[in-house]
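Take a look at the letters that make up each chain.
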Amino acid sequence: MDEQSPAVWVRGVGKHYGSGKNKLQVMTGLNMTVPHGAIYGLLGPSGCGKTTLLRCIIGRLNIDYGNIVVLGDTPGAKNHGIPGNMVGYMPQDTALYNEFSILDTLMYFGRLHGMDRREIKHRTKFLLDFLSLPSRRRLIKELSGGQKRRVSFAVALLQEPELLILDEPTVGVDPVLREKIWSHLMEITQGSHHTTVIITTHYIEEARQADVVGLMRNGCLLAESAPADLMLQYSQPSLEDVFLKLCRDDENARGHHPQCPTLNSDTQDFSHAAITAMDSPDLCTSTTQLTLSVHHRAPHGFIHVLSSSVVECCTCPKLTNMAALIIKNLTIMKRNLGFLLFEFMLPSIQIILFCLCIGKDPYDLNIGIVNNDHGPFGGWFIQRLDNRTFHMKMNYSDLNEALSDVRAGNSWGVIHMGENFTSDLVLRFRNMSSLSNDTISGGSVKLNLDMTNQQISLIIQERVAEAFQSFMSFVLELADLPPGLAQLPIQLEDPVFGTRHPSFTNFMAPAIILSTTFFLATGLTALSFIMEKKEGLLDRSLVAGVSSVEIMLSHVCTQLMVMVVQVGLLLVFALIVFKVPYNGPLIWVILLVLLQGFCGMALGLVISAACDNENSATQLALGSMYPMLLLSGIIWPVEAIPHWLWYVSISLPMTYAGEAMRCVLSRGWSMLNMPVWRGYVVTIGWGAGLLLLAHIIMKISSNGH
């Protein structure tokens, strides 16, 4: 970059937020020129657009129209160091990781800027002394507000950037240190690096030390020149009086012409300035000239964002950035060790509770017995009722009394046998040709049940039927008849898959393993970016040159480490401790669970990228959880879902994966079977699609669209 050309050149820039009635115009036709190697003081009230302008300069926001050239190229251009190590940025908020120490903070940003360990330590020692910071081992959360701001300032100075952008750096800083900071800024602008500094401040008179000041109001620069020249030009004794006069003049002028004022002759028309710039070798390199002429309004529509996001996703991430981000994530985990241990154990706790509580037969069910039989059969039948299932109440002599107890909620039903139960049952077998309905009814066991609980009522019916078959087999043996006559004429042969007595636990277990991993991964990553976005941490990392793809992949990598431990413990408890049957290769089970975890992470990243606060992220995560649980065949077979809703069910990420898991565990199938490999393909497709969607959302939101 030629040092005679401006470090920052802004012409005709406009920027707005929102659309329609909610459209807020932040900048309109703004012009700005920052000389190379100068301190530029940007002054203006809160809400005038200073921070927005700075974020456009460092490439964190896209402009709606106009041109910005920073250090010889447009911000965000390929292989340009802005965002990146050419710029040091201190936002208004401290934007520091509270779990980090001062050294951790500087090491993290130093790695992002490509500095080696020795370089970082050398700069750390200088910055600690210069900014009067406490021990480098002190955690950020233990520092005072002023100390945090000084650490934030140290981060901006760390790599000795060519462009230093400071947003309110001296707020809350001791006056002596404030003077020291200004002395250092003047020193680095005049030294061998010729650093360019753009600084915003509330202390207007403090800005008199700047080489150039820009006075900003309502998204426009009212004036731009050296402080002494401005005071002389407007015949005012102080810079504050100059600003007050310009604000009053602007207020009067806007009543007649609501637009930005013209600062001087070389900035009067954007189109003309852009064309003139093409012919000026001092302003831009040859690679930038075409950019200025063609990108009067860059295409930031959805198709453009989608195509650029796909290209960025396919670009190989920088290993140094990935290493820095992964170390950062692991450091945060290490500083929250109790929560990390809870993360490790939570899936195991869930699978333990599932295996202990789901699929077991109910027991000690209160049931009323009314045995009015005058013969022995009623007593024999009662003896064969399962004592573990039933807690029998035999003190009823009257059916109405027993039914009243059921209506009062004291028992689940009544088993009733009439006075002629024995004799009618004998007639039922001896004289079949002349049986009456009364005889058939009298020789039957009658059930009056509370059917409000389907599972309990089905178990009662099943146990009563088993007891009756056992009782009839005993009676037939006494009569020297084959006991098999008591059985239904249906013979259950050896099952093709599974056992003769299938368990609801075994049906649900494969999908529960997948859903537990999926939703825990979603929950753990759903808040990944929320706090970082709220506190400016994400933005600061992106300014340092990290891409959103690298940030997402780093979260996937660190959460994958956690998930490997979670899945290992979960499968140990499910398959070994509780002996959930698995007939297929265990490697396919592990791989499918990990892929479902990855898919859950990707959904969490989408939620995290789309939401700005914890409440909305939590609600969105829960809102996605229950429909998938209900529609994915986890709780109930998808074959029972209404046909029109079945198409929704099969489009969800866990439906085919759950089927594949059951096929591997219960049937012993491999990847050669379509239901198995289909589950893997759908899971991978969902994971990749959600990851791309998260990247697109981050790209759109971070660029202010």
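In the block above lies the structure referred to throughout.
Residues numbered from 1 in each chain as written. Predicted model: local features only at pLDDT ≥ 70, side-chain atom pairs only at ≥ 80, totals over all residues. Heavy atoms only, no water.

**Student:** Which parts of the structure should I look at to understand the pattern of salt bridges?
**Tutor:** Close approach of charged atoms allows side chains with opposite charge to pair. Applying the stated criterion to the full structure yields 18 salt bridges. Between Asp129 and Lys125 there is a salt bridge whose closest N-O contact spans 3.8 Å. Residue Asp129 and its partner Lys125 are both found in helix H3 (residues 117-130); the two are separated by 4 residues, about one turn of the helix. One salt bridge connects Glu614 with Lys534, and the closest N-O pair in it is separated by 3.1 Å. Placement of the pair is Glu614 in helix H23 (residues 614-631) and Lys534 in helix H19 (residues 530-534), with a sequence separation of 80 residues. What emerges from the salt-bridge pattern is a single network uniting Asp361, Glu462, Arg463 and Glu466. (Salt bridge = Lys/Arg side-chain N within 4 Å of Asp/Glu carboxyl O. Helix = DSSP H or I, 4+ residues; strand = E, 2+ residues; numbered from the N terminus.)

**Student:** Is there a simple way to think about the layout of surface pockets in this case?
**Tutor:** Which parts of space are left empty comes out when a probe the size of a water molecule is rolled across the atoms. Within this model, the second largest pocket holds a volume of roughly 1400 Å³. In this structure, the second largest pocket is lined by 35 residues; those nearest its centre are Leu458, Glu462, Arg463, Ala465 and Glu466. Contributions of two or more residues to the lining of the second largest pocket are made by helix H15 (421-430), helix H17 (454-478) and helix H18 (504-526). Sorting elements by how many residues they give to the lining of the second largest pocket places H17 first, with 11 residues. When grouped by side-chain class, the residues that make up the lining of the second largest pocket number 20 nonpolar, 8 polar and 7 charged. (1 Å grid on protein atoms, 1.4 Å probe; cavity = no way out; pocket = protein on both sides within 12 Å on 5 of 7 lines; lining within 4 Å. Points joined across faces, edges and corners; volume = space filled by probe spheres on them. Nonpolar A, V, L, I, M, F, W, Y, C, P; charged D, E, K, R; others polar.)

**Student:** Mind showing me how you'd approach unusual backbone geometry here?
**Tutor:** Peptide bonds are mostly trans, and most non-glycine residues show a negative phi. A cis amide bond links Ile82 with the next residue in sequence, Pro83, at an omega value of -5°. Within the secondary structure, Pro83 sits in the loop between strand E4 (65-70) and strand E5 (87-90). The backbone of Glu160 shows a phi angle near 50°, a positive value even though the residue is not glycine. Along the polypeptide, Glu160 turns up in the loop between helix H4 (145-157) and strand E6 (163-167). Classification of Glu160 as partly exposed rests on a relative accessible area of 40%. (Buried < 20%, exposed > 50% of the residue type's maximum accessible area, 1.4 Å probe, protein only.)

**Student:** Explain the environment of Thr52 here, please?
**Tutor:** Examined against the element boundaries, Thr52 turns out to sit in helix H1 (residues 50-57). Linking Thr52 and Met27, residues 25 residues apart in sequence, is a C-alpha distance of 8.4 Å. At a separation of 3.3 Å, a polar atom in the side chain of Thr52 contacts the side chain of Tyr17. (Polar contact = N/O pair within 3.5 Å; in protein donor to acceptor, adjacent residues only side chain to side chain.)

**Student:** Help me understand empty space enclosed by the protein in this model?
**Tutor:** Across all of its chains, the model carries 4 cavities of 30 Å³ or more by this definition. The computed volume of the largest cavity comes to approximately 70 Å³. Forming the walls of the largest cavity are Val87, Gly88, Tyr89, Phe109, His113, Val155, Ala156, Gln159, Arg540, Val543 and Ala544. Contributions of two or more residues to the lining of the largest cavity are made by E5, H4 and helix H20 (537-543). For the lining of the largest cavity, the element with the highest residue contribution is E5, accounting for 3 residues.

**Student:** I keep staring at the environment of Met216 and nothing clicks. Help me out?
**Tutor:** Structurally, Met216 can be placed in strand E8 (residues 212-217). Among all residues touching Met216, those that are not within four sequence positions of it are Met27, Leu30, Leu42, Leu43, Gly44, Pro45, Cys48, Gly49, Lys50, Leu53, Leu221 and Phe243. (Contact = heavy atoms within 4.5 Å.)

**Student:** Would you take a moment to explain the pairing of E4 for this structure?
**Tutor:** With 5 of its 6 residues buried, E4 lies for the most part within the structure. Bridge analysis of strand E1 (residues 8-17) against E4 gives 5 bridges, and the strand direction is antiparallel. Each bridged residue has a counterpart across the sheet, and for Arg11 the counterpart in E4 is Asn67. (Pairing = 2+ DSSP bridges.)

**Student:** Would you explain a nonpolar patch on the surface in this entry?
**Tutor:** On the surface, a cluster of nonpolar side chains totalling about 480 Å² of accessible area is made up of Ile358, Phe504, Leu630, Ile635 and Trp636. Examined against the element boundaries, Ile358 turns out to sit in the loop between helix H12 (337-357) and strand E10 (365-371). With relative accessibility at 31%, the residue Ile358 sits in the partly exposed group. (Patch = residues over 30% accessible without salt bridge, like charges linked within 9 Å, V, L, I, M, F, W, Y side chains within 5 Å. Areas by Shrake-Rupley, 256 points an atom, 1.4 Å probe, with all protein chains shown as cover.)

**Student:** Even after reading the chapter, I still don't get a positive patch on the surface, so can you show me in this structure?
**Tutor:** The grouping of Arg117, Lys121, Arg136 and Arg137 at the surface amounts to a positive patch. One can find Arg137 in the loop between H3 and H4. Judged by relative accessible area, Arg137 falls into the exposed class, the value being 56%. (Lys, Arg positive; Asp, Glu negative; His and termini not counted. Charge placed at Lys NZ, Arg CZ, Asp CG, Glu CD.)

**Student:** What's the story with the sheet that holds E8 in this structure? I'm lost.
**Tutor:** Paired through their backbone hydrogen bonds, the strands of a sheet run either parallel or antiparallel. Ordered in space as E5-E6-E7-E3-E8-E9, the 6 strands form an open sheet in which the pairing is mixed. In this open sheet, the two edge strands, each paired with only one partner strand, are E5 and strand E9 (220-225). Averaged over all pairs of adjacent strands, the angle between their axes in this sheet comes to 15°, without regard to strand direction. Two strands pair when backbone bridges link them, and strand E3 (residues 39-43) and strand E7 (residues 196-200) are joined in this way by 4 bridges, in the parallel orientation. By the bridge assignment, Leu42 is partnered in E7 with Thr200. On the sheet, H4 packs against E5 and E6 and is oriented at approximately 170° with respect to E5. Along the sheet, helix H5 (residues 175-190) contacts E3, E6 and E7; its crossing angle with E7, the most-contacted strand, is approximately 150°. (Axes fitted to C-alpha atoms, helices over the stretch in contact; angles between N-to-C directions.)

**Student:** How should I be thinking about the pairing of strand E12 (residues 413-417) in this particular structure?
**Tutor:** Remember that side chains alternate between the two faces of the sheet whenever the strand is regular. Across the 5 residues that make up E12, a large majority, 5, are buried. The two faces of E12 match: Gly413, Ile415 and Met417 on one face and Val414 and His416 on the other face are all buried. Bridge analysis of E10 against E12 gives 4 bridges, and the strand direction is parallel. Along E12, the bridge assignment pairs Gly368 with Val414. Bridge analysis of E12 against strand E13 (residues 446-449) gives 4 bridges, and the strand direction is antiparallel. Note that in E13 the partner of His416 across the bridge is Lys446.

Nothing here speaks to function; it is all geometry.
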